[in-house]
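The lines below spell out each chain.
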Amino acid sequence: MKLKLARASVTSKPKVIEVSKIEEDLDKKSIFYFDKENTHKELKALIEYFEEKEYSVYMREVKFGLNDDEYIYEVHIVK
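Described in the following lines is the structure provided in the data block. Small disclaimer: the values here were computed from a predicted structure and weren't measured. (Residues numbered from 1 in each chain as written. Predicted model: local features only at pLDDT ≥ 70, side-chain atom pairs only at ≥ 80, totals over all residues. Heavy atoms only, no water.)

Further remarks concern the overall build of the protein. Helix and strand counts for the protein stand at two helices and five strands. For the protein, the α and β elements follow one another from N to C terminus as β-β-α-β-α-β-β. On C-alpha atoms alone, the protein measures out to a radius of gyration of 12 Å, which is about the 12 Å that the 2.2 N^0.38 rule sets for 79 residues. Projected onto the principal axes, the alpha-carbon positions of the protein cover approximately 35 × 20 × 20 Å. Each of the 79 residues in the protein was classed as buried or not, and the buried ones make up 29%. Counting only contacts in the protein whose residues sit at least 6 apart along the sequence, the fraction spanning at least 24 positions is 49%. (Helix = DSSP H or I, 4+ residues; strand = E, 2+ residues; numbered from the N terminus. Rg over C-alpha atoms; globule rule 2.2 N^0.38 Å. Buried < 20%, exposed > 50% of the residue type's maximum accessible area, 1.4 Å probe, protein only. Contact = heavy atoms within 4.5 Å.)

Structural data, given as structure tokens:
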């Protein structure tokens, strides 16, 4: 499964990351930021994937502006 990481700036394109890469990076960090272009269904699949592997997962929407489309997803994945 591929997901888009949050953009570094408003005009840049989001980088794509595989779930396997996220799993490898869990040793280094546990908070990941994903772009608004990811569907809710994709993020739910990510949460279910890690919950099946006995991780605790928390997701929330983080607004960074006043417009409705100015948000990213913050996902915490902890063993």
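Right, let's get into the environment of glutamate 24. Counting through the fold element by element, glutamate 24 comes out in helix α1 (residues 19-25). Look at glutamate 24 and you get exposed, because its relative accessible area is 53%. As for glutamate 24 and tyrosine 55, which are separated by 31 residues in sequence, their C-alpha atoms are 14 Å apart.

Here we come to the layout of surface pockets. Here the largest pocket defines a volume of roughly 210 Å³. Lining the largest pocket are Ala6, Arg7, Ser9, Val10, Asp35, Lys36, Phe64, Asp69, Glu70, Tyr71 and Ile72. Here the lining of the largest pocket is composed, by residue class, of five nonpolar, one polar and five charged. (1 Å grid on protein atoms, 1.4 Å probe; cavity = no way out; pocket = protein on both sides within 12 Å on 5 of 7 lines; lining within 4 Å. Points joined across faces, edges and corners; volume = space filled by probe spheres on them. Nonpolar A, V, L, I, M, F, W, Y, C, P; charged D, E, K, R; others polar.)

In this section: the packing of aromatic side chains. Taken as a whole and judged by the stated rule, the model has four aromatic pairs. Look at phenylalanine 50 and tyrosine 55: their rings are 5.5 Å apart centre to centre, the planes differ by 90°, and that puts the pair in the edge-to-face class. As far as the burial class goes, phenylalanine 50 and tyrosine 55 line up, both buried. Summarising the aromatic geometry, the rings of tyrosine 71 and tyrosine 73 are spaced 5.6 Å apart at their centres and angled 85° between planes, so their arrangement reads as edge-to-face. When its relative accessible area of 17% is taken as the criterion, tyrosine 71 is described as buried. (Phe/Tyr/Trp six-rings, centres within 6.5 Å; stacked < 30°, edge-to-face > 60°.)

Scope: geometric values only; no functional claims are made or implied.
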